[in-house]
Every structure is written in C-alpha cells, then in structure tokens.
2 protein chains.
Amino acid sequence: MSKLLTLRLAQLNPTVGDIAGNAEKMLEVWRQSESDLVVFAEMALCGYPPEDLVLKPAFISSIETHIEKLCTDSANFKSAALISTPWVIDDKTYNAVHLIENGKITATRTKHHLPNEGVFDELRIFEPGPLPDPVDFRGHSLGIMICRDMWFPDVAAHLKDRNVEILIVPNGSPFTTKKSQDRQEKARECIKTTGLPLVYVNQIGGQDELVFDGGSFVMDGSGEQVFQGAEFAEATYDIEFSGGKFTCPESIPQYSETEELYQALVLGLRDYITKNGFPGVLLGLSGGIDSALSAAIAVDALGADKVYCVMMPSPFTSEDSLEDARGCAEALGCNYDTMPIDQAMGAFTTIIPGLSGIAHENMQSRARGLILMALSNSTGNMVLSTGNKSEMAVGYATLYGDMCGGFNALKDLYKGQVYALSEWRNREGEVIPKRIITKAPTAELKDNQTDQDSLPEYETLDDILECLIEHEMDTAEICARGHDETVVTRVWKMLDAAEYKRRQAPPGVKITSRAFGRDRRYPITNHFGKNIEK
Amino acid sequence: MSKLLTLRLAQLNPTVGDIAGNAEKMLEVWRQSESDLVVFAEMALCGYPPEDLVLKPAFISSIETHIEKLCTDSANFKSAALISTPWVIDDKTYNAVHLIENGKITATRTKHHLPNEGVFDELRIFEPGPLPDPVDFRGHSLGIMICRDMWFPDVAAHLKDRNVEILIVPNGSPFTTKKSQDRQEKARECIKTTGLPLVYVNQIGGQDELVFDGGSFVMDGSGEQVFQGAEFAEATYDIEFSGGKFTCPESIPQYSETEELYQALVLGLRDYITKNGFPGVLLGLSGGIDSALSAAIAVDALGADKVYCVMMPSPFTSEDSLEDARGCAEALGCNYDTMPIDQAMGAFTTIIPGLSGIAHENMQSRARGLILMALSNSTGNMVLSTGNKSEMAVGYATLYGDMCGGFNALKDLYKGQVYALSEWRNREGEVIPKRIITKAPTAELKDNQTDQDSLPEYETLDDILECLIEHEMDTAEICARGHDETVVTRVWKMLDAAEYKRRQAPPGVKITSRAFGRDRRYPITNHFGKNIEK
C-alpha cells in the first residue's frame, strides 16, 4: 500500500463537439507527463455537457475513432490516462471513463448516479452504470467515481469494501456561488466514512449558460485539504502519493466570493465569444449601471479593442447619462460611438398612427436594438445584452429591444449583485463613474422616469425574487420575512407573466442555484400564478 | 366476471396550473354521470405537463386542498372517479391516480415508466412507482396503467398475473403525425399478450408547444377496436362492459392525415391565445405562402374578426405581393391594413453609416417586426410569427425581424407541408390565392431575390433536414438517398449554426417526432458540425 503513485491532474478547457481538438490538447499534456497516470476531467474528450449530440450515431462513432487514435498515439507514453467519454456498451450509452495504458483500454467504469435535475439531463442521454468496482493499476487499487458519484455515500462505500487505496474523481461540475465549499464538503463526507484520500479534477471554461471553475483539489485520508488548484484557469499539477501521504505543488489561493463571481462572468463571456468565433462585442451604453458593468466585464474578457460601445440618445436621454456613458467608455479604453435615434422615432411615429405610452417606450428600445443588430450584421461583432436577473424576472425589459443580443453576462445577477460587482470592479481605479452607481436607475424612455415608478425598491424586489425562484417559498413564508403581501403577490404574478419574454432571451452565465433557462422549466401557459390571491 | 361495469370517459381540455378551474370542470362531468366510474385523463387536475411547477410546495399543497375538496363535493355522487394528479407519498412525488368514491380516496396507484426523452422530463419531477397492483372496485378488478405504462409489456403482464378484468389507461399523450396509429399498436400489443380489454382516455388541448388530440378509444379482449372518440374536441362517452363485451356510442370518424395536422395547428394556436388571454392576433402578410397559411389557421382558430393582417411594403415589394396579400385577407375576411416601411428604411440608412447587404435586408425585416410589436403593445393582440421549420432549421429568418412573435403555428412544418396544407385549405374555396402557391418563394428584401438564391430547392432541403433532425442520419447515409455531399454538408452546417437563432424563437406547435425546442436539446457552442468534412 505504500508504493509510490504519481498523478498528473489535467484541468483543461475543452470545447463541446471538438473531439479532434480536445484529443490533441489532451495528448499534449499526456505526452509530456512523467507521472504514472494523467487524470482528465469528466467528458474531457467531447466536452461537457454534450447534450443531445450523444443521441447522434455519427457523434458516438467519431468518439470511438478518436479513442482508438488516442490509444495508438499514446502507445509509447510513459503515463497511462483516465479519459472520460460517452461510451456504448451492448447498445447502451454510458457516461464512462477508460483507463488507457500502453496503447490499449485496460479498464472501463461507468457513472452510477446520473444527475437529472437543475441544468442536468443525464438520464435523457445515458444509462446508469452499476456501482463501479476498483481498477487495478501498476500495483495500486484505484476507486474511480465520476462527478455526481462522489455526492452519494454508496459509491465510496462500495469501493472501500473492495479495498481501494485512493478515490479519483473526474468532474464536469459547473460553477455557482459557494459551489466549491459544497464540493469540498461532499469530498470530506466520503473521506470521513472511508478514510480514503481523494483527488478531485474539474474542467474549466464556458459552455453556453454554464461556466466551469476548475478548482481541482486533493485531500488526504484524514480529510485535510493538501492541495488547491487554480480557479478559472487551465493548469496541470503533478502530485505524488506514497505511504498515505501526498506531495503536492503549492496551493493557489482561492478568490474572494465577489472576485470568484466576477471571474465566472468574464470566463463565461470570453469562451462564448471565442469558441463561437466572434471578433468582438457590441453593446448599447446607456449611462446606466447594467451596461457599464457589462462593458467592464467585456473589456476584461476580450480586451478593450474588441469592445464597441454605442450611446444611442433620444430626447429623453439626460446630459448626465451622456456624460456617464462617455466617461465609462473612456475609463475602460474601449471603442465608443454615438448614434441618436430621433430620426427613427420620427419615422415610426409617422408610420404607426397614435403610437404612445408603453408602445412608444418599447419602440425606442427596439429602434436601439435594431441599430445594434445592423452594426452586428455589418461587422460580425456579437451584441451583448445587458439586462439583469431582477429585470428579467419581472419582465422589466423590452423583447426585441434591450433584450436583443447573443449573450448576456448579467443574466443571472440580481440587481444588488450588479451594484456589488460594480463597486468591486472600481476597487483599483474607477472605471464605472461613481454617479452611475449612486443615481436612481432609469430606462429614460419618457420624461422623469425611474425604475421604481414600476417596481418595488430593488432590495425588496431581490429578496422576494430569491425567495420565489431560489427557494420556492410560498406567500406566507415570504411575508414572514417582513414583506407586504400585496407586493409579494404582485411580484409573483409579474414573475410568471414574464415567462414568455424569458423564453426568447439570450443565454447568459448561470451563477445562482436556479438560473432562468434549462435550470427552471416553467410553462408559459400557467394559471397557477394567476390565482395566488385565492 | 360478467357483472356489468359502466364507464364514462372524460376527454377534457384542462389548463396547466388552473387547479380550481380544472376541478370545477371535472366535477361537472362527474356530477352528471350515471356510470360506475368516470375516467379522467392523466394529470387532469393540474393540467399536463406541469413541468417544474411540481417542484413548488405551494403547488403541491394546492393540489392536496383541491383533492380534499373534490372528495367532499363528490360524496353523494352516483359515480366514483379515477383522478390523475401529482401526489406526495413519504416525501416523494409521484405521477399518481386516485380512485375516489363516496367522498374518500379508496385506492392510489403510481406511474411506473416515466418518460424522460423527447419533450418529457418526468424523471426530473417524479419518482417512478412500483408496478401497479389491481384496484378492487364494485366487484371488479381494474388494471390502471398511466400513459407510458401501456408502452412497456411488464405493466400489463403484472396486472394480468393478478387477474384484472380490464385495463384502463389515462393519458397525457401529445399529438404528432401518425401518433394515433402508434398508440393503437401499443394497446394491441398489451391486449395480444394478456387478452384483456383496454380503455384509453386522452386529454385534448394546446399547452405551449404541445397539442393533445384526444382520440380516446376502446378495444375488446381480441384487440378489435370497438370505439373511437373524437379528435381535438372535448367529449364524454358512456360505455358499458359486460360478459367480455362492450356497448359503446357510435365511433367518430378520424380525420385524414392532412386534416388532422391542420386541426392540430388550429387547436394549438387557439389554446395558446385563449388560455393566455390575448384578444386576437396580428401578423405581417407579405404576399408569401407562410403568412397566408398562418392567417388561414388564425382565422379558423379565432374567427376572422380577431385576426389583424398588416402588409408592410418596401420599394422591393412587388405588385403581385401587394395584390396577393390583399386577396388573401379579403378571401379570409380578416382585418387588413397597409403600412409602408420606406420612412423607417430612410431613417436607419441615415443613422447607420454604410448600411448595406445582409445588414440592410435584416433592417427591413426588423423594421416590420418593430411595427407589429408596437401595434401589439397598443392593442394587446399577440404577434403571430410565420417562419416554417425548413427556414428555422437553416437560419433563413431574421432574429428580431420576421422571428418576432408570441407564437408560431408553422414552427414545426417543413416547407413541403406548408404547401400541402395550403392546397388542402383551398379545397372548398380559394382563400390562399393560387399565385401565392405557384410563384417562387422570396423574402423581397432586395431586387429579384428568391429563397433559392441562398438555399437548395425546398424538396431537397426538406429531405436532408428530415434525415438530419428526425433520423439523426450521417452524411453517407443521406448521400445514399441521392443527395450531393456538398449540399448535405452545407445544410448540416447551417442547421448547427442557426441553433442560437432558434433558442430565441417563439414557441409553436410540435407536430413532428423531433421539434425544435425542448424536444431537441443541442448546445449552441458546438464544434461537432464544424468539422464534418474531416
């Protein structure tokens, strides 16, 4: 049991569907390894989550071809590797992991607990495997638990009963706030009941609405964390295990909660843009806080030269807004242009008889959306939509207007988080002008308008929304927190009524436990909310 | 075994979330019944599919309250009833059915096979129940199989082994083309192996992207169909079963395949509009076939007075299109208006320097979308989007332009089906002017444009798309049908590249085996398609 085992943890950023490219990337890390075993993250070969691609026979056969090629190409490597991939056994597709050594697959294990809640649909595409037996490898007995298999006590117990020496966990675990604590807690529970050391390898990178934070780690048999890997960065770490003790590189300090959140948004946006091949992003800078923070995130993700901000003033735009938008763009160093919408407003007011009220307000927002989309079509830059979760929750956004865009970095941030991140981003120098943070938020679609004409104060709104969305609380429970019943009922109705708008919203980075999108599958036609007062 | 059993089959149209309203509707049918047992469809109380509402404790407790109330209200009814609903037993939520008699729940059974593919997410919200045991009822032994439980041989076999007398199947089975044959085939397989008679009750109605066609039926122990209920209409049917023989009302003839499809679109649209409380619909009538067929469906669904058509000509609009749009609106008798977009085109050409090419084309489409949305905001009428599946597949549509809308009746129809339904709708009098059907399709966004400048002939395109989407075939298999490899590869790439557009498309009626939407969960960021030629 005290024989030396050396491992290389490969925390990479794969691209979904790029089987050849991912294989090439893995081979590079593998070829250079001096360790016994390279551990790649879950679905490292095809990227995670592959979704319904797994149902395509051509996808599976491409995976089989590339696994064969990986075997051939690695035949003379010093290291073996654990490679996770969809795999068909007797006509059933599993979330599997292969041990590949000396040019051959020498063992295959499958995931037992398939997540099928939240954003996950693994029971849709995979068969659950049996409890995984140990894998014998160079005189060691390895316990391999794929991702969710670490979250239930039965898998580690099964492996402990069969005398494994170490637990190795390849993951495709997406970021949410405080998720890294949850993972470490689950790892400690496995260790507590088994006394086994544990090695956790997670991928990084953005994939549509998910962002993976990496943060691979190692814990010894007492549950002490002996290594912490980087967050949101590709890395390989060589560790040694002998006589129950690890020798690891120096740990990377974890980000603060706020910085972690910001980094998640930056990486989520960067990978959406780069993996989808956009040259840059375009956004409407209004002089308000959402577009200012979005611009800052875009600059941090892509570089100021790839960010194009457009101020599109109307007669309702204040001098303050014009100044603040320009000030923000200048502080960020990004491209900035002004395109007044007056002529478009004039044209539509002439074309559409009696255009007024909300219809007139939305028309302005849509004229701006049209301008941004035309610039996008001309330049190839993607429009960045900038609405936050509080607004998207209650429908305080114009469909085909400010909701235009290919991606939205703030989609899952409550308004309070938008303020907190803006303050944080200014910590080493003001890029979001102070007045943007202190002034009353307004859509400036008519004279003297503020968001609070239509909505409760954001602090109240955010708390009620979090109770409704994240915690599925009922009216009585929410009122018990000190909220007015009329307000709670109104917010609930607005939340349900805006489902149709959200269904057409662009994707954005999930950071909460219940993001709008695949994480929360609500009917549009839904009379439950309509009868709340009953 | 020869004791008389009388049943009332209740084929109703519930509304998701309207627990009180659905209960009221059920009580009405139940109160008037003289039969032993009223059989309601799957999830009749809360509507199907309830999706993530089931995860909300307030939803479950409202269901419990209304089940109690149903018990109280029905205490003196002559009939018992089978009522299907989500139900919590020992902290686990099941897709369950209650037998309610004399004011009490006298038996509860749960669904064993939970569908989790296609549009279904039942493993996300329900626990699978054990194989259901028989239910003793007034001297009879009933075998109750909820929906999917009829599709696997084990449930009927389990009930046969326990000597049930009859199989009763409550369903929430959505329409797709040829689905009714599939259901009857599965029913016959159950009967073949058990010799048991079978009663099948399905709901009707539209729920977001799904439409339920009803078509309840009865088969005797030899597999002979002795009754066929109406499609797409609410109905109750009283049947008698004695000495192995049924006495049923006269069967309702089934629609032809084309008419069934048309009725599905009509009901799907009607229910989306009425259940969501829109006074009517608005659509842009271009003089082309998609908007003409959409208008016809809307008129059939809602009545001509609730359909508002707007022709929005540009300098690229031909005289033929103007004539054909007006002719179609006149033939349908709906409201018709003309709003030229020239001024808006002028304004945006001035605002956006160098606007040309695709950006200029999309601008026109978006100006039209903006006008329709402004009219929608002013009147409350919902905008009906009119793109077909072939266009949505390859991205031949303008996001925030012609894709604007709350619902799209043609969303899941290939272009070939649009032509077939248009011909069929003209069978008893031309409402879609002949020239709309015979002329070359064009977006009229520049001079002398036709769809075939950018796309393969629709017949070719539709076949390739069906192979890719419905059958997940690979390039070689598709080429073996006589298609050119370059064309197949190009269509596959267009299909993958347009995923981001489809993600922001309005909902529409699913009619194929693989509709865009929850039925086909593809990543946007997806490099698999990008490497097809390799």
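Because the structure is a prediction, the values reported are computed rather than measured.

Further remarks concern the overall build of chain A. The helix and strand tally for chain A stands at 17 helices and 19 strands. Taking 24 Å as the expected radius of gyration for a compact globule of 534 residues, we find that chain A reaches 25 Å, a close match to that expectation. If one aligns the C-alpha atoms of chain A with their principal axes, the spans along those axes are about 80 × 55 × 45 Å. Counting only residues that meet the buried cut, chain A has 64% of its 534 residues in that class. For chain A, long-range pairs separated by at least 24 residues make up 71% of all intrachain contacts whose partners lie at least 6 apart in sequence. Accessible area of chain A: about 18500 Å², with a carbon and sulfur share of 49%.

Right, let's talk about the domain arrangement of chain A for a bit. How big an interface is tends to be stated in terms of the accessible area lost upon association of its parts. Residue and element names in this part refer to chain A. Domains assigned within chain A are domain 1 (5–249) and domain 2 (259–451). With 16 residues of domain 1 in contact, the opposing surface of domain 2 contributes 11 residues. Carbon and sulfur atoms make up 58% of the area that domain 1 and domain 2 hide from each other, which totals about 1100 Å². Along the contact surface separating domain 1 from domain 2 lie 1 salt bridge. A salt bridge links E209 to K411, with the shortest nitrogen-to-oxygen separation between them at 2.8 Å. Counting every contact that joins domain 1 to domain 2 gives 6 residue pairs in polar contact (both at pLDDT 80 or more). Contributing elements (two or more residues each) for the side of domain 1 that touches domain 2: β10 (204–207) and β11 (210–213).

Our focus in this paragraph is the interface of chain B and chain A. Listed as interface residues are 77 residues of chain B and, on the opposing side, 77 residues of chain A. Of the roughly 6900 Å² buried between chain B and chain A on both sides combined, carbon and sulfur atoms contribute 58%. Where chain B meets chain A, there are 4 salt bridges. For R521 of chain B, the salt bridge is made with D121 of chain A, and the minimal N-O distance between the two is 3.2 Å.

Attention now goes to the relation of the copies chain B and chain A. It takes a turn of 180° to lay chain B on chain A, together with a shift of 0.0 Å along the axis; the resulting RMSD is 0.0 Å. Interpreted geometrically, this transformation is the action of a two-fold axis. Identified as the residue of chain B closest to the rotation axis by C-alpha distance is Q504 of chain B, at 2.0 Å. Here 100% of the contact residues of chain B are again contact residues in chain A; the copies associate through an equivalent surface.

Residue and element names in this part refer to chain B. Residue position: S376 is located in helix α10 (residues 357–379). Relative accessible area serves as the criterion here: at 13%, S376 is assigned to the buried category. A distance of 2.6 Å separates a polar atom in the side chain of S376 from the backbone oxygen of N381. The contact partners of S376, leaving out residues within four places of it in the chain, are L282, N381, M382 and V383.

All names here are of chain B. Strand order in the open sheet made by the 4 strands is β18-β17-β16-β19, with parallel pairing throughout. The sheet is open, and its two borders are formed by β18 (335–338) and β19 (382–383), each paired with just one other strand. Of the pairings in the sheet, the one linking strand β16 (residues 281–284) to strand β17 (residues 307–311) comprises 4 bridges and is parallel in character. Residue pairing in the sheet places V281 in a bridge with V307 of β17. Those strands touched by helix α7 (residues 289–302) are β16 and β17, and its axis lies near 165° from that of β16. Its contacts with the sheet place α10 against β16, β17 and β19, and it is angled at close to 165° to β16.

As a further point, take the pairing of β11 of chain A. All names here are of chain A. A two-sided burial pattern is seen for β11, the buried positions comprising L210 and F212 on one face and V211 and D213 on the other. Relative to β11, β10 runs antiparallel, the two sharing 4 bridges. Counted as the bridge partner of G205 is F212 from β11. Counted along the chain from β10 to the antiparallel partner β11, the turn is 2 residues long, and its residue D208 has a positive phi close to 55°.

Our focus in this paragraph is helix α14 (residues 458–469) of chain B. The end-to-end C-alpha separation of α14 of chain B is 16 Å, in line with the 16 Å expected for 12 residues at 1.5 Å each. Within α14 of chain B, burial applies to Y458, L461, D462, I464, L465, C467, L468 and I469 of chain B.

The next point concerns the packing of aromatic side chains. All told, the structure shown has 24 aromatic pairs over all chains when counted by the stated rule. Judged by centre distance (4.6 Å) and plane angle (10°), the ring pair of Y200 of chain B and F217 of chain B falls under stacked. Of this pair, Y200 of chain B sits in strand β9 (residues 198–202) while F217 of chain B sits in strand β12 (residues 217–219), and the two are 17 residues apart along the sequence. Looking at Y200 of chain B, the relative accessible area reads 0%, which means it is buried. One aromatic cluster is present, built from ring pairs that chain together F59 of chain A together with W492 and F528 of chain B. Taking the ring centre of F516 of chain B as reference, the NZ or CZ of K389 of chain B above it sits at 5.6 Å. Sitting over the ring of Y522 of chain B, R520 of chain B keeps its end group 3.8 Å from the ring centre.

This paragraph deals with the environment of G280 of chain A. Residues and elements named next belong to chain A. With respect to the helices and strands, G280 occurs in the loop between α6 (257–275) and β16 (281–284). As for G280 and G380, which are separated by 100 residues in sequence, their C-alpha atoms are 7.8 Å apart. Among residues more than four places away in sequence, those in contact with G280 are K306, N381 and M382.

Most often, soluble globular proteins have nonpolar side chains that are buried together. The biggest cluster of nonpolar side chains holds 116 residues, and the ones touching the most others in it are W30, F40, I83, F348 and I371 of chain A together with F348 and I371 of chain B. Beyond its immediate stretch of four places on either side in the chain, F348 of chain B contacts A344, F348, A367, L370 and I371 of chain A together with L355 and M363 of chain B. Counting residues in each nonpolar core, the second largest holds 61 residues, with L461, I469 and V488 of chain A together with I60 of chain B among its members.

All names here are of chain B. On the basis of which strands lie adjacent, the open sheet formed by 6 strands has the order β6-β7-β8-β9-β12-β13 and mixed pairing. In this open sheet, the two strands that pair with only one neighbour each are β6 (135–137) and β13 (225–228). Shown here is a sheet whose adjacent strand axes are inclined to one another by a mean of 20°, direction ignored. As judged from the 5 bridges shared by strand β8 (residues 166–171) and β9, these two strands associate in the parallel manner. Within the sheet, the bridge partner assigned to V169 lies in β9 and is Y200. Against the sheet, helix α5 (residues 179–194) contacts β8, β9, β12 and β13, and its axis sits at roughly 25° relative to β12.

A separate point is the packing of helix α9 (residues 342–351) of chain A against helix α10 (residues 357–379) of chain A. Residues and elements named next belong to chain A. Close contact between α9 and α10 brings their axes to 10 Å; oriented N to C, the two are set at 130°. On the basis of their axis angle, the class for α9 and α10 is oblique. Viewed along their axes, α9 and α10 form a crossing whose handedness is right-handed. Of the residues in α10, those touching α9 at A344, M345, F348 and T349 are H360, M363, Q364 and A367. Broken down by class, the residue content of the contact of α9 with α10 amounts to 5 nonpolar, 3 polar and no charged.

Thresholds applied
Residues numbered from 1 in each chain as written. Chains lettered and ligands numbered in written order. Predicted model: local features only at pLDDT ≥ 70, side-chain atom pairs only at ≥ 80, totals over all residues. Heavy atoms only, no water. Helix = DSSP H or I, 4+ residues; strand = E, 2+ residues; numbered from the N terminus. Rg over C-alpha atoms; globule rule 2.2 N^0.38 Å. Buried < 20%, exposed > 50% of the residue type's maximum accessible area, 1.4 Å probe, protein only. Contact = heavy atoms within 4.5 Å. Areas by Shrake-Rupley, 256 points an atom, 1.4 Å probe, with all protein chains shown as cover. Domains from an automatic or database assignment. Buried area = accessible area lost by both parts, 1.4 Å probe. Salt bridge = Lys/Arg side-chain N within 4 Å of Asp/Glu carboxyl O. Polar contact = N/O pair within 3.5 Å; in protein donor to acceptor, adjacent residues only side chain to side chain. Least-squares fit on C-alpha atoms with pLDDT ≥ 70 in both. Pairing = 2+ DSSP bridges. Axes fitted to C-alpha atoms, helices over the stretch in contact; angles between N-to-C directions. Expected span 1.5 Å × (residues − 1). Phe/Tyr/Trp six-rings, centres within 6.5 Å; stacked < 30°, edge-to-face > 60°. Lys NZ or Arg CZ within 6 Å of the ring centre and 35° of its normal. Core = buried A, V, L, I, M, F, W, Y, C linked by side-chain atoms within 4.5 Å. Parallel < 35°, antiparallel > 145°, perpendicular 65-115°, else oblique. Left-handed = near helix turned anticlockwise from the far one by under 90°. Nonpolar A, V, L, I, M, F, W, Y, C, P; charged D, E, K, R; others polar.

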